[in-house]
Amino acid sequence: MVLLVVFAFLAGAATAVSPCVLPVLPVVLAAGATGGRRRPLGVVVGLSTTFAFATVVLVYVIDALGLPDDLMRNLAIVVLLAFGLSLLIPPLGMRVEAWISRVMPTPQAGRDQDGFVSGLLVGGSLGFVYAPCAGPILAGVITVSASQSFTAGRLAVALSYAFGTAVVLYLLMLGGRRVTSRLAPNAGRMQMAMGAVMVIVAVLMLGNYDTRFQTAIADDLPSALVNPTGELEKNDKVKNRLDRLRNDGRQGVGSSSAAKPSGDELPVLGEAPEFTGTQRWFNTSSPDGLTLAGLRGKVVLVDFWTYTCINCIRTLPYLKAWDARYRPKGLTIVGVHTPEFPFEKDAGNVVDAIKQNGLKYPVVQDNDYATWDAYANRYWPA
């Protein structure tokens, strides 16, 4: 577990400078470049804490309380919008600061002069919308949290990943403050400009343009830039630790132990499990969707994906091309959408992602990881 924690820290640090986090990076830099000297620290503490919470704990809380799946994302957007407006409109900012000083007093005569508290609020909201290229390490923790019991070890891995990201973001914010400090004579205008950036980002996130941006960069940038932690996470020692993390003893078509010798070139991996425990189906004529029994005689490709996974997005052009070329010859592609974060369970968001990516083949929601577990799957995409 110690080795996995170390690798998680390195993976988080690398992720912080990858294109996957670009949608939230302007807000991070804007928040760190304004306010008191400890605001950057508040931002990274808030972000790393709530991100780890959203990754490991929030799944249980939302399910237990029956809360809307996109509640935390929407709340985070509201906080970003409010904070941006407080920077953009100085009189409003003074009122917000006075309110913060009454609710969360600080040692400086009850005012947030060092900026830590306000930074904590912004960073805390960012943690709920921070959806990086998870890679196998974080993906392993998320999927375990969604389908198994909570453990301190899994929380430690998530915290380590978040801390690695926070360290790099903190250094970026300190660099940004040095640059903006040279513009001290125009500090008022600079603060208003940063507030405008935060408002714009919040509005764009309301329209899910952050995920659309991820799709665009996934299509156009090299794999090494999109997933800088790829080689690190292919390490055999990391894979072994991830296997121990799951350690559920299950076997299925996704496990190598299920393979049986065959006279053919390809191994026989057993009988494919049925689609089970699913929710809505999309791109099918029947609301009940498809069954493997009904697809006998066809070649079936089952694709586990989720719409914010940038590596999943990079596979979609290939799947669409195969569907267009080989569907008339008997190929059926079924996209099994297994969410990485709670807001990805929302059917409306999945519909938008299907339209945005131009998917014509059937897609089904696997919000409870039932089909994922039946296939003994581990990662996105698969």
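Residues numbered from 1 in each chain as written. Predicted model: local features only at pLDDT ≥ 70, side-chain atom pairs only at ≥ 80, totals over all residues. Heavy atoms only, no water.

1. Regarding the pairing of strand S3 (residues 331–337)
The buried fraction of S3 is high, at seven of seven residues. Of the two faces of S3, the one holding Leu331, Ile333, Gly335 and His337 and the one holding Thr332, Val334 and Val336 are both buried throughout. Strand direction decides the pairing type here: strand S2 (residues 299–305) and S3, joined by seven bridges, are parallel. By the bridge assignment, Val302 is partnered in S3 with Val334. Read from S2 through helix H14 (residues 310–326) to S3, the crossover connection turns out right-handed. Bridge count between S3 and strand S4 (residues 363–365): three bridges; the pairing is parallel. (Buried < 20%, exposed > 50% of the residue type's maximum accessible area, 1.4 Å probe, protein only. Helix = DSSP H or I, 4+ residues; strand = E, 2+ residues; numbered from the N terminus. Pairing = 2+ DSSP bridges. Right-handed = clockwise from strand over helix to strand, strands pointing away.)

2. Looking at a nonpolar patch on the surface
A cluster of nonpolar side chains, contributed by Phe163, Val167, Leu171 and Leu174, occupies part of the molecular surface with about 340 Å² of accessible area. Its location among the elements puts Leu174 in helix H8 (residues 152–181). (Patch = residues over 30% accessible without salt bridge, like charges linked within 9 Å, V, L, I, M, F, W, Y side chains within 5 Å. Areas by Shrake-Rupley, 256 points an atom, 1.4 Å probe, with all protein chains shown as cover. Salt bridge = Lys/Arg side-chain N within 4 Å of Asp/Glu carboxyl O.)

3. Some thoughts on the sheet that holds S4
Strand order in the open sheet formed by four strands is S1-S4-S3-S2, and the pairing between neighbours is mixed. Each edge of the open sheet is held by one strand with a lone partner, namely strand S1 (281–282) and S2.

4. Overview of the nonpolar core
With 70 residues, the main nonpolar core has Val122, Leu126 and Phe275 as its most contacted residues. Ranked by residues supplied to this core, first place goes to H8 with seven residues. Beyond its immediate sequence surroundings of up to four residues, Phe275 is in contact with Trp281, Leu290, Thr291, Leu292, Val302, Val334, Val336, Thr371 and Tyr375. (Core = buried A, V, L, I, M, F, W, Y, C linked by side-chain atoms within 4.5 Å. Contact = heavy atoms within 4.5 Å.)

5. Regarding the side chain of Asp366
With respect to the helices and strands, Asp366 occurs in the loop between S4 and helix H16 (370–374). We note that Asp366 is buried and unpaired, the nearest opposite charge coming from Lys345 at a distance of 10 Å. At a separation of 3.1 Å, a polar atom in the side chain of Asp366 contacts the side chain of Thr338. Of the polar contacts made by the side chain of Asp366, one reaches the backbone nitrogen of Trp372; its length is 3.0 Å. In contact with Asp366, not counting residues within four places along its chain, are Thr276, Gly277, Gln279, Phe304, Val336, His337, Thr338, Pro339, Thr371 and Trp372. (Lys, Arg positive; Asp, Glu negative; His and termini not counted. Polar contact = N/O pair within 3.5 Å; in protein donor to acceptor, adjacent residues only side chain to side chain.)

6. Structural notes on the pattern of salt bridges
For the coordinates displayed, the defined rule picks out two salt bridges. Residues Glu271 and Arg296 are paired through a salt bridge, measuring 3.3 Å at the closest nitrogen-oxygen approach. You can see Glu271 sitting in the loop between helix H13 (236–246) and S1 and its partner Arg296 sitting in the loop between S1 and S2, a full 25 residues away along the chain. Taken as a pair, Glu271 and Arg296 share a single burial class, namely exposed.

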